[in-house]
Amino acid sequence: MTVPTDPPARRRPVLRPVEVVRIEDPGPRLRRVTFGGSNLQGFGPARPGAHIKLFFAEMPADWRPEPGQPRPPARTYTPRSFDAARNELVVEFVRHGAGMASDWAENAQLGDRITVAGPGGGHDFEPGLRRLVILADESALPAAGMIIDAVPADCHVTLVAEVVDAADQILPSQRLVDSMHWLHRLPTNAQPGSLLLDAARSIQIDDSAQWWVACEAVAMRAIKAHLTGERGLDRNRLISRGYWKQGATDHPDHDTGE
Ligand SMILES: Cc1cc2nc3c(=O)[nH]c(=O)nc-3n(C[C@H](O)[C@H](O)[C@H](O)COP(=O)(O)OP(=O)(O)OC[C@H]3O[C@@H](n4cnc5c(N)ncnc54)[C@H](O)[C@@H]3O)c2cc1C
């Protein structure tokens, strides 16, 4: 059984000013940004499904919040990969079109500087895991990729990914999963997460499987209620996270749906 290890112990965050060294667009709505710089020395290791905080400004590494002083705005992202030899950190941004982080990614240029804190959170999956079912929308695919990379090679992985349309079908990991299903919100304009809920209804539940569900927060709750309430999935077999919430800015990073 997997022991969810979120939330992490609170400790003073290390702030790392970093610089954009590469920008790639694997698809029309996904921007892969590589950050570099010697401040990344000692970053991590990040557990599968870990997160970082991005501050879209350069801050002094010794910045500390003073009592009563507002924290600069930040957003939560996944440290998709870190190359310790080159001090390079890859983050994949969904260009959803209406937010501070999405706007920043849209306009990012080589040499732009932001500040990274973390990583924190993430999960330790059991070494003998035999079956993993992942339900994820595009915001959670970078984390899904980390998880797929980390589970045992003989673990049977089912990945159900909800995206806008076929142009977003970008595999989150180079490791081939055993069962891959792409769900498209277009052309029906399906509500975010609603197709994942439909998919959850049709997936067989067995005692050996671990489930990891991350998507829009309201949809995540509906999926969790279906799996653990209507279908009797053991709650310890489900890791659920709301990665963003329709109509809400800066959704919190440990929304388990409790
Ligand atoms: C642990 C964790 C890891 C995450 N990792 C990633 C990651 O690697 N890549 C990634 O792209 N996102 C990731 N997210 C989601 C990301 O934090 C949110 O999408 C965040 O709200 C983006 O900030 P923003 O400034 O662009 O939008 P905000 O200012 O927070 O929100 C503005 C508006 O945009 C809407 N919105 C926010 N996100 C989305 C979206 N994905 N699709 C459609 N509408 C949206 C909101 O509902 C709101 O109306 C992660 C979230 C968590 C909790």
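Everything numeric here is computed off the predicted structure, so don't read it as measured data. (Residues numbered from 1 in each chain as written. Predicted model: local features only at pLDDT ≥ 70, side-chain atom pairs only at ≥ 80, totals over all residues.)

1. A look at the overall build of the protein chain
Using the following cut-off: Counting from the N terminus, the helices are the DSSP runs of H or I reaching at least four residues and the strands are the DSSP runs of E reaching at least two. We compute the radius of gyration over the C-alpha atoms and compare it with the globule rule, which gives 2.2 Å times the number of residues raised to the power 0.38. As a rule, residues whose C-beta atom has 12 or fewer other C-beta atoms within 10 Å are exposed, those with 20 or more are buried, and those in between are partly exposed; C-beta atoms are placed from the backbone.
Per the secondary structure count, the protein chain includes four helices and 14 strands. A globule of 258 residues ought to have a C-alpha radius of gyration of about 18 Å, and the protein chain, at 18 Å, matches this closely. For the C-alpha atoms alone, the extent of the protein chain along its principal axes is close to 50 × 40 × 40 Å. Within the span of the protein chain, comprising 258 residues, buried residues form 38% of the whole.

2. Here's the deal with the site of the ligand
The criterion, for reference: In this text, near has one meaning. A residue is near a molecule or strand if its C-beta atom, placed using the backbone, is within 6 Å of it. Under the convention adopted here, Pro, Cys and the residues Ala, Val, Leu, Ile, Met, Phe, Trp and Tyr are nonpolar, Asp, Glu, Lys and Arg are charged, and Gly plus all remaining residues are polar. Each domain's extent was defined by an automatic or database domain assignment.
In the region of the ligand, 27 residues are neighbours, and Thr78, Val94, His96, Gly99 and Ser102 sit closest. Taken together, the elements giving at least two residues each to the shell around the ligand come down to strand E5 (74-77), strand E7 (88-94), helix H1 (100-107), helix H2 (141-150) and strand E14 (238-244). Grouping the constituent residues of the shell around the ligand by class yields 11 nonpolar, 11 polar and five charged. Mapped onto the domain boundaries, the shell around the ligand takes at least three residues apiece from domain 1 (3-120) and domain 2 (123-244).

3. A closer look at unusual backbone geometry
Cis geometry marks the peptide bond from Gly44 to Pro45, where omega comes out at 0°. Residue placement: Pro45 occurs in the loop between strand E3 (30-36) and strand E4 (51-55). A cis amide bond links Leu186 with the next residue in sequence, Pro187, at an omega value of 10°. Mapped onto the elements of the fold, Pro187 is located in the loop between strand E12 (179-184) and helix H3 (194-202). A positive phi angle, close to 55°, is found at Asn87, a residue other than glycine. Assessed through the 19 C-beta atoms surrounding it within 10 Å, Asn87 is described here as partly exposed. Of note, Asp250 is a non-glycine position whose phi angle comes to about 55°, a positive value. Relative to the elements of secondary structure, Asp250 occurs in the segment after E14.

4. Considerations on the environment of Ala199
To keep things clear, this is the line we draw: Two residues form a contact once the distance between their C-beta atoms, set from the backbone, is within 7 Å.
With respect to the secondary-structure elements, Ala199 resides in helix H3. Ala199 sits 16 residues away from Leu183 along the chain, and the two C-alpha atoms are 8.9 Å apart. With sequence-adjacent residues up to four places away left out, Ala199 is seen in contact with Leu135, Val160, His181 and Leu183.

5. Observations concerning the nonpolar core
Put simply, the rule reads: Among buried residues, those of type Ala, Val, Leu, Ile, Met, Phe, Trp, Tyr and Cys that are joined through C-beta atoms within 7 Å form a set called a nonpolar core.
Counting 40 residues, the largest nonpolar core has Ile134, Leu135 and Cys215 as the members making the most contacts within it. For Leu135, the contacting residues outside a window of four places in its chain are Val160, Leu196, Ala199, Ala200, Val213, Cys215 and Ile223. Judged by nonpolar contacts, the second largest core, of 18 residues, contains Leu30, Phe35, Leu89 and Phe93.

6. Observations regarding the domain arrangement of the protein chain
By domain assignment, the protein chain separates into domain 1 (3-120) and domain 2 (123-244). A straight line from the C-alpha centre of domain 1 to that of domain 2 covers 24 Å. Counting residues at the interface gives 15 residues for domain 1 and 16 residues for domain 2. Of all the secondary-structure elements, those providing two or more residues to the side of domain 1 that touches domain 2 are strand E1 (3-4), strand E2 (15-27) and E7. A class-by-class count of the residues in the side of domain 1 that touches domain 2 yields seven nonpolar, four polar and four charged.

7. Description of the sheet that holds E3
This is how the line gets drawn: For two strands to pair, DSSP has to find at least two bridges joining them. Geometry is summarised by axes, namely lines fitted to C-alpha atoms with helices restricted to the contacting stretch, and by angles between N-to-C directions that run from 0 to 180 degrees.
Spatially, seven strands are ordered E5-E4-E8-E2-E3-E7-E6 in an open sheet, and the strand pairing comes out antiparallel. A strand with exactly one partner marks an edge of an open sheet, and here the two such strands are E5 and strand E6 (81-83). For this sheet the average axis-to-axis angle between neighbouring strands, irrespective of direction, equals 35°. Across the sheet, H1 is in contact with E3, E4, E5 and E7; its angle to E7 comes to roughly 115°.

8. Some remarks on helix H4 (residues 217-230)
For clarity, the cut-off: For a helix, the expected span equals 1.5 Å multiplied by the number of residues minus one. Relevant arc is that of directions from the helix axis to the C-beta atoms, nothing else.
The end-to-end C-alpha separation of H4 is 19 Å, in line with the 20 Å expected for 14 residues at 1.5 Å each. Of all the residues in H4, the buried ones are Ala217, Ala219, Met220, Ile223, Lys224 and Leu227. All buried residues of H4 lie within an arc of 155° about the axis, which places them on one face of the element. Projecting away from the buried face of H4 at angles above 90 degrees are the exposed residues Gly229 and Glu230. Looking at the buried residues of H4, the elements they touch are strand E10 (131-137), H3, strand E13 (209-216) and E14. At the exit of H4 stands Gly232, carrying a positive phi of roughly 80°.

9. Thoughts on the sheet that holds E13
Ordered in space as E12-E11-E10-E13-E14, the five strands form an open sheet in which the pairing is parallel. Each of the sheet's edge strands pairs with one partner strand only, and the pair in question is E12 and E14. In this sheet, neighbouring strand axes are inclined to one another by 10° on average, regardless of whether the strands run parallel or antiparallel. Two strands pair when backbone bridges link them, and E10 and E13 are joined in this way by six bridges, in the parallel orientation. Paired with Ile134 across the two strands is Trp212, which belongs to E13. Sitting on the sheet, H2 touches E10, strand E11 (156-163) and E13, and the angle it makes with E10 is about 165°.

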